[in-house]
Amino acid sequence: MGIISSGFHGKRRTGNPALPPGQYETASFPVLTAGPAPYIANADWEFFIRTETGQRRAWSWEEFLALPQVDIQTDIHCVTSWSKLGTSWRGVSLDTLFEDVETTSEFTTAHSYGGYTTNVPLQDLLDGQAWVAWEFGGEPLERAHGGPARLLVPHLYFWKSAKWINGIELMPHDVAGFWESNGYHINGDPWREERYS
Ligand SMILES: Nc1nc2c(c(=O)[nH]1)N[C@H]1C(S)=C(S)[C@@H](COP(=O)(O)O)O[C@H]1N2
Ligand SMILES: [Mo]
């Protein structure tokens, strides 16, 4: 233990209960992208949801902005060990986007412009746990961080929060995405330290 009595015993902690095991807090906002950042003009952007039966819902940028917008305050946790606490975002809840979608699938694949994919169970996207976010800290999301818009699933490691999100595909099975096929854990719960497989 350090010199500060944190009240935890037998476990090395920083003393901040907001930090999952093995994470440290950073004030900066690192950029982590596999490959080049794609450029998508707002006018060309769309977000789709495609089901296992081929049903497809899609929103243009204008239609997306006309949906109910919510402010989100949340901590984010990268598998490379940095956490950023109390970040603020604005976007549309996945609950709103899934309102008229009928599916029996339990799994999804998030597809990004540029080809990045990540798998997320449908239940992790619903009930106020995930958003398509387009504002960060009161400003339009920077392209390096996924602008025009990114998926935000902050209760899982940040690689699940697909930047430059294009759409969500409902999947009959859990199919590993980009990082999940390259050694990252299939689920990615930071509180269980599901980092690598
Ligand atoms: N499209 C896309 N989304 C992505 C990535 C990526 O390479 N491409 N990297 C992931 C990883 S590993 C992390 S940690 C976060 C980093 O987000 P940031 O660059 O905004 O910090 O984005 C995730 N989403
Ligand atoms: Mo990451």
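K.L.:
Any chance you could explain the overall build of the protein chain here in plain terms?
P.N.:
On a plain count of helices and strands, the protein chain comes out with 3 helices and 11 strands. In sequence order, the secondary structure elements of the protein chain are arranged as β-β-β-α-β-β-α-β-β-α-β-β-β-β. The C-alpha atoms of the protein chain give 17 Å as radius of gyration, which agrees with the globular expectation for 197 residues (16 Å, within 12%). With 197 residues in all, the protein chain has 48% of them scored as buried. The contacts of the protein chain with a sequence gap of at least 6 include a subset with a gap of at least 24, amounting to 65%. Accessible surface, the protein chain as shown: approximately 9900 Å² in total, 51% of it carbon and sulfur. Averaged over its 14 positive side-chain charges, the protein chain has a centre that lies 9 Å from the centre of its 24 negative ones.

K.L.:
Hey, could you run me through the pairing of strand S5 (residues 82–93) in this one?
P.N.:
Examined bridge by bridge, strand S1 (residues 24–25) and S5 share 2 bridges and lie parallel to one another. Paired with glutamate 25 across the two strands is serine 83, which belongs to S5. Direction of pairing for strand S4 (residues 70–77) relative to S5: antiparallel, over a ladder of 7 bridges. Looking across to S5, one finds that isoleucine 72 is bridged to tryptophan 89. As judged from the 5 bridges shared by S5 and strand S8 (residues 131–136), these two strands associate in the antiparallel manner.

K.L.:
Explain the site of ligand 1 to me, please; I cannot follow it from the model alone.
P.N.:
Pro30, Ala34, His145, Arg150 and Lys163 are the nearest of the 19 residues found near ligand 1. Residue leucine 32 places a main-chain N or O atom 2.9 Å away from an oxygen atom belonging to ligand 1. One of the backbone N or O atoms of serine 161 is found 3.1 Å from a nitrogen atom in ligand 1. With the chains in place, 97% of the 530 Å² that ligand 1 exposes on its own is no longer accessible. Of the residues assigned to the shell around ligand 1, the class counts are 13 nonpolar, 4 polar and 2 charged.

K.L.:
Can you walk me through the environment of phenylalanine 48 in this structure?
P.N.:
Within the secondary structure, phenylalanine 48 is located in strand S2 (residues 46–50). For phenylalanine 48, the contacting residues outside a window of four places in its chain are Arg56, Arg57, Ala58, His111, Asn166, Gly167 and Ile168.

K.L.:
Can you help me understand the pairing of strand S3 (residues 56–60) in this one?
P.N.:
Two faces, one strand: in a regular strand the side chains alternate between the faces of the sheet. Here 5 bridges tie S2 to S3, and the two strands are oriented antiparallel to one another. Bridging across to S3, glutamate 46 finds its partner in serine 60. Connecting the antiparallel pair S2 and S3 is a turn made up of 5 residues, with glycine 54 showing a positive phi of about 95°.

K.L.:
For this particular structure, what's the right way to read the sheet that holds strand S6 (residues 107–112)?
P.N.:
By way of backbone hydrogen bonds, the strands of a sheet pair with one another, either parallel or antiparallel. Overall, mixed pairing links the 5 strands, which are arranged S3-S2-S11-S6-S7 in an open sheet. Across the chains shown, the open sheet's two edge strands, defined by having one partner strand only, are S3 and strand S7 (117–121). Across the sheet, the mean angle separating the axes of adjacent strands is 15° when strand polarity is ignored.

Cut-offs and rules
Residues numbered from 1 in each chain as written. Chains lettered and ligands numbered in written order. Predicted model: local features only at pLDDT ≥ 70, side-chain atom pairs only at ≥ 80, totals over all residues. Heavy atoms only, no water. Helix = DSSP H or I, 4+ residues; strand = E, 2+ residues; numbered from the N terminus. Rg over C-alpha atoms; globule rule 2.2 N^0.38 Å. Buried < 20%, exposed > 50% of the residue type's maximum accessible area, 1.4 Å probe, protein only. Contact = heavy atoms within 4.5 Å. Areas by Shrake-Rupley, 256 points an atom, 1.4 Å probe, with all protein chains shown as cover. Lys, Arg positive; Asp, Glu negative; His and termini not counted. Charge placed at Lys NZ, Arg CZ, Asp CG, Glu CD. Pairing = 2+ DSSP bridges. Near = heavy atom within 4 Å. Polar contact = N/O pair within 3.5 Å; in protein donor to acceptor, adjacent residues only side chain to side chain. Nonpolar A, V, L, I, M, F, W, Y, C, P; charged D, E, K, R; others polar. Axes fitted to C-alpha atoms, helices over the stretch in contact; angles between N-to-C directions.

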